[in-house]
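# Examination of the molecular architecture
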Amino acid sequence: IEANEKLVKQSRGLPASPSDCHDVACLKKWRDVQHTQVDSFVPSAYRPFAAGSVEQAYADNKARIQSEEAAKAKDEEDKASKAAEEPKAAQSTPVEFLAVADKKDAADVKDAKVEHKAHTGASYAQHLLNEHAGDYVLLPTNTTNPMAWRDAFVSQYAEAYRHYMYASDRLRE
């Protein structure tokens with residue numbers, strides 16, 4: 001009971017998985033909690049195996065965190081160098097940017113509203129099918145029938161499981 005209470009206190013606020021840690025300090029705390037758990041609940045004959053697993057996870061995630069930090073530092077360095085290269089005179093002030101954007105976007109917003117109004121009812125449903133499903137989904141002949149959708153999906157992606165579908169249909173009858 002004492003070991004469990006100690007673990008609860010230690011692990012408060014820590015992620016359950018080392019992949020959720022994004023700095024080395026968090027990862028070290030995670031490792032300490034894992035070692036406490038191993039020492040408390042794993043028989044002594046098996047502790048080296050469990051501890052080795054914890055250390056392997058720690059090493060893998062430490063390398064991941066260090067590469068994330070290096071990539072972040074490189075991105076910040078690239079942004080700083082790009083900002084230094086851009087001439088200051090060519091940059092617009094926020095007010096100038098908004099004024100130009102308002103003039104350009106006004107026509108686009110009107111066009112978007114007209115396009116949205118053009119799709120209503122069944123044509124809107126067809127528009128959504130074409131826009132989001134495209135060539136990825138085999139459309140059934142009757143798009144309002146759920147069983148037709150199921151049959152089209154099974155025929156294209158899950159042919160090996162068709163007999164389960166038919167068996168389920170027979171049980172429902």
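Structural notes, computed from the coordinates. Throughout, a residue's number is its position along its own chain's written sequence, starting from 1. Where local features are concerned, this predicted model is filtered to residues with pLDDT of at least 70; where side-chain atom pairs are given and counted, the filter is 80 or more; whole-chain, interface and lining totals use all residues. Where side-chain values are given, they derive from all heavy atoms of the structure, hydrogens and water being excluded.

### A short note on the overall build of the chain
Threshold: Starting at the N terminus, helices and strands are each numbered in turn, a helix being any DSSP run of H or I of at least four residues and a strand any DSSP run of E of at least two. In what follows, a contact means two residues having at least one pair of non-hydrogen atoms within 4.5 Å. Values of accessible area rely on a 1.4 Å probe in the Shrake-Rupley scheme; residue burial ignores everything except the protein chains shown.
Helix and strand counts for the chain come out as 7 helices and 0 strands. Secondary structure elements in the chain, listed N-terminal to C-terminal, are α-α-α-α-α-α-α. A fraction of 38% describes how many contacts in the chain between residues 6 or more apart in sequence connect residues 24 or more apart. Carbon and sulfur atoms form 58% of the exposed surface of the chain, whose accessible area is close to 13,600 Å².

### Some points on the nonpolar core
Keep this limit in mind: Put simply, a nonpolar core is a bunch of buried Ala, Val, Leu, Ile, Met, Phe, Trp, Tyr and Cys residues held in one set by side-chain atoms that sit within 4.5 Å of each other. Burial classes: relative accessible area under 20% of the type maximum marks a residue as buried, over 50% as exposed, and values in between as partly exposed (1.4 Å probe, protein chains only).
One finds Cys 21, Val 24, Cys 26, Leu 27, Trp 30, Val 38, Val 54, Ala 57, Tyr 58 and Ile 65 forming the largest nonpolar core, which totals 10 residues. Elements represented by at least two residues in this core include exactly α2 (24-41) and α3 (47-85). Tallying contributions element by element places α2 first for this core, with 5 residues. When neighbours within four sequence positions are excluded, Ile 65 is seen to be in contact with Cys 21, His 22, Asp 23, Val 24 and Leu 27.

### Side note on the pattern of salt bridges
Note the cut-off: Salt-bridge detection follows one rule: a side-chain nitrogen of Lys or Arg within 4 Å of a carboxyl oxygen of Asp or Glu.
Applying the stated criterion across every chain, the model contains 7 salt bridges. We note a salt bridge from Asp 78 to Lys 74, for which the minimum N-O separation is 3.5 Å. You can see Asp 78 and its partner Lys 74 sitting in helix α3, 4 residues apart, about one turn around the helix. Taking relative accessible area as the criterion, Asp 78 reaches 30% and is therefore assigned partly exposed. For Arg 162, the salt bridge is made with Glu 159, and the minimal N-O distance between the two is 2.9 Å. The exposure class assigned to Glu 159 is partly exposed, which follows from its relative accessible area of 44%. One salt-bridge network, held together by shared partners, links Arg 150, Asp 151, Asp 169 and Arg 172.

### Focus on the side chain of Asp 169
Assignment of secondary structure puts Asp 169 in helix α7 (residues 162-172). Contact partners of Asp 169, with chain neighbours within four places excluded, come to Met 147 and Arg 150.

### Details of the packing of helix α6 (residues 146-157) against α7
Spelled out, the test is: For helices, the fitted axis covers only the stretch in contact; all axes are lines through C-alpha atoms, and the angles between them, taken along N-to-C directions, range from 0 to 180 degrees. Should an angle lie under 35 degrees it is considered roughly parallel, over 145 roughly antiparallel, and from 65 to 115 roughly perpendicular; all remaining angles are considered oblique. Put simply, Ala, Val, Leu, Ile, Met, Phe, Trp, Tyr, Cys and Pro go in the nonpolar bin, Asp, Glu, Lys and Arg in the charged bin, and everything else, Gly too, in the polar bin.
At a minimum axis distance of 10 Å, the contact between α6 and α7 shows a crossing angle of 155°. When the axis of α6 is compared with that of α7, the two are roughly antiparallel. Residue-level inspection shows Met 147, Arg 150, Asp 151, Val 154 and Ser 155 of α6 in contact with α7, the latter providing Arg 162, Met 165, Asp 169 and Arg 172. The residue inventory of the contact of α6 with α7, partitioned by class, reads 3 nonpolar, 1 polar and 5 charged.

### Considering α6
Rules: To estimate the expected span of a helix, count its residues, drop one, and scale the result by 1.5 Å. As used here, the arc is the angular range of directions from the helix axis to the C-beta atoms. Polar contacts, as used here, are pairs of N or O atoms within 3.5 Å; protein pairs need one atom able to donate a hydrogen and one able to accept it. Residues neighboring in sequence count only if both atoms are side-chain atoms.
Between its terminal C-alpha atoms α6 stretches 16 Å, which fits the 16 Å expected from 12 residues at 1.5 Å a residue. Of all the positions in α6, only Ala 148, Ala 152 and Val 154 are classed as buried. Down the axis of α6, the smallest arc covering the buried residues is 165°, so these residues share one side. Those residues of α6 that are buried are in contact with α7. Its side-chain oxygen 3.0 Å from the backbone nitrogen of Met 147, Asn 145 forms the N-cap of α6.

### Considering the packing of helix α1 (residues 2-11) against α2
Two elements in contact, α1 and α2, have axes whose closest approach is 10 Å; the angle formed by their N-to-C orientations is 170°. Judged on the interaxial angle alone, α2 and α1 are roughly antiparallel. Of α2, the residues touching α1 (which contributes Ala 3, Asn 4, Lys 6, Leu 7, Gln 10 and Ser 11) are Asp 32, Val 33, Thr 36, Gln 37, Ser 40 and Phe 41.

### Regarding the side chain of Arg 162
Tracing the backbone through its elements, the reader meets Arg 162 in helix α7. Among all residues touching Arg 162, those that are not within four sequence positions of it are Asp 151, Val 154 and Ser 155.

### Quick word on the environment of Glu 68
Mapping Glu 68 onto the fold places it in helix α3. When its relative accessible area of 34% is taken as the criterion, Glu 68 is described as partly exposed. For the pair Glu 68 and Asp 23, spaced 45 residues apart in sequence, the C-alpha to C-alpha distance is 9.4 Å.

These results come straight from atomic positions and should not be treated as a statement about function.
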